[in-house]
Amino acid sequence: MARYGIVSKKVLGISVVSLREMAKKIGRNHGLAQELWRTGILDARFLAAFIEEPGKITEAQMDRWAKDFDNWAICDGCSLHLFDRTPFAWKKALSWTTRKEEFVRRAGFALIAVLAVHDKSAPDAKFERTFPLIKRAATDDRNGVKKAVNWSLRQIGKRNLGLNALAISAAQEIQSVDSASARWIASDALRELKSPAVQTRLNKKHRNR
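Keep in mind the model is a prediction, meaning the values are calculated, not measured. (Residues numbered from 1 in each chain as written. Predicted model: local features only at pLDDT ≥ 70, side-chain atom pairs only at ≥ 80, totals over all residues. Heavy atoms only, no water.)

A surface patch of positive charge is lined by Lys120, Arg201, Lys205 and Arg209. Its place among the elements puts Arg201 in helix α13 (residues 196-207). (Patch = residues over 30% accessible without salt bridge, like charges linked within 9 Å, V, L, I, M, F, W, Y side chains within 5 Å. Areas by Shrake-Rupley, 256 points an atom, 1.4 Å probe, with all protein chains shown as cover. Salt bridge = Lys/Arg side-chain N within 4 Å of Asp/Glu carboxyl O. Lys, Arg positive; Asp, Glu negative; His and termini not counted. Charge placed at Lys NZ, Arg CZ, Asp CG, Glu CD. Helix = DSSP H or I, 4+ residues; strand = E, 2+ residues; numbered from the N terminus.)

Here you go:
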């Protein structure tokens, strides 16, 4: 886990596969999720994210949990399996991207990336509003942040042809910034967004609309 940057103060080493099996047996349980999170044990917090009830989460709880993030895995796990299902997903995504804490800020961009895939009904305008946030954070050289900024840019650009063009334009602007982090984010995103595989899929999707 440490080799992949998954470092925390309390870790038991239970595999995610095992935790998922436990979650299936337990089912959704808001109270138990709260207790598990309070232990501070990374494995217990993963299980909490799997069994928490999205409809019972408050904004305050989301803020508390985000503040506890100490590695990319629990940050992304909560974003992928829980936070994006709450009514506050967009609000938190936009507000967290401006925070100073590395993994709270990462959570904001991770949520944007996840919503680009999961929120099928969201209008393009919602994603267009994230480009200034992405550009602003592109110079943040912390590994947890820059990889999430890149992730969000790529996922938005793979949503449809219109957003693909805007994401490519944003990446080109970011590429001109005098920052190693910005240049990496841009070049990696452009490589995928301009790739034949992505362009073929988006054009096919556009024709079939």
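Further remarks concern the nonpolar core. By size, the foremost hydrophobic cluster in this structure holds 61 residues, and its most contacted members are Phe69, Phe83 and Leu153. Those residues in contact with Phe83, other than ones at most four positions away along the chain, are Met62, Trp65, Phe69, Cys78, Ala89, Trp96 and Leu111. (Core = buried A, V, L, I, M, F, W, Y, C linked by side-chain atoms within 4.5 Å. Buried < 20%, exposed > 50% of the residue type's maximum accessible area, 1.4 Å probe, protein only. Contact = heavy atoms within 4.5 Å.)

This part takes up the packing of aromatic side chains. Pairs of aromatic rings are described using the distance from one ring centre to the other and the angle between the two planes. Tallied over the entire structure, the rule returns five aromatic pairs. Centroid distance Trp37 to Trp65: 4.0 Å. Interplanar angle 0°. Geometry classified as stacked. Taken together, the positions of Trp37 in helix α2 (residues 30-38) and Trp65 in helix α4 (residues 59-68) put the pair 28 residues apart, joining distant regions of the chain. Classification of Trp37 by relative accessible area gives buried; the value is 3%. (Phe/Tyr/Trp six-rings, centres within 6.5 Å; stacked < 30°, edge-to-face > 60°.)

Attention now moves to the packing of helix α1 (residues 16-26) against helix α3 (residues 42-51). Axes are the key here: two packed helices are described by the angle between their axes and the distance separating the axes. Relative to each other, α1 and α3 sit at 45°, their axes nearing to 9 Å. Between α1 and α3, the crossing angle belongs to the class labelled oblique. As for the relative orientation of α1 and α3, their crossing is right-handed in sense. Two secondary-structure elements touch here, α1 through Val16, Leu19, Arg20, Met22, Ala23 and Ile26 and α3 through Asp43, Phe46, Leu47, Phe50 and Ile51. Tallied by class, residues from the contact of α1 with α3 come to nine nonpolar, no polar and two charged. (Axes fitted to C-alpha atoms, helices over the stretch in contact; angles between N-to-C directions. Parallel < 35°, antiparallel > 145°, perpendicular 65-115°, else oblique. Left-handed = near helix turned anticlockwise from the far one by under 90°. Nonpolar A, V, L, I, M, F, W, Y, C, P; charged D, E, K, R; others polar.)

On to a nonpolar patch on the surface, then. Together, Leu12, Ile14, Met22 and Ile26 make up a nonpolar patch on the protein surface, roughly 330 Å² of accessible area in all. Structurally, Leu12 is set in the segment before α1.

Geometry only, nothing functional implied.
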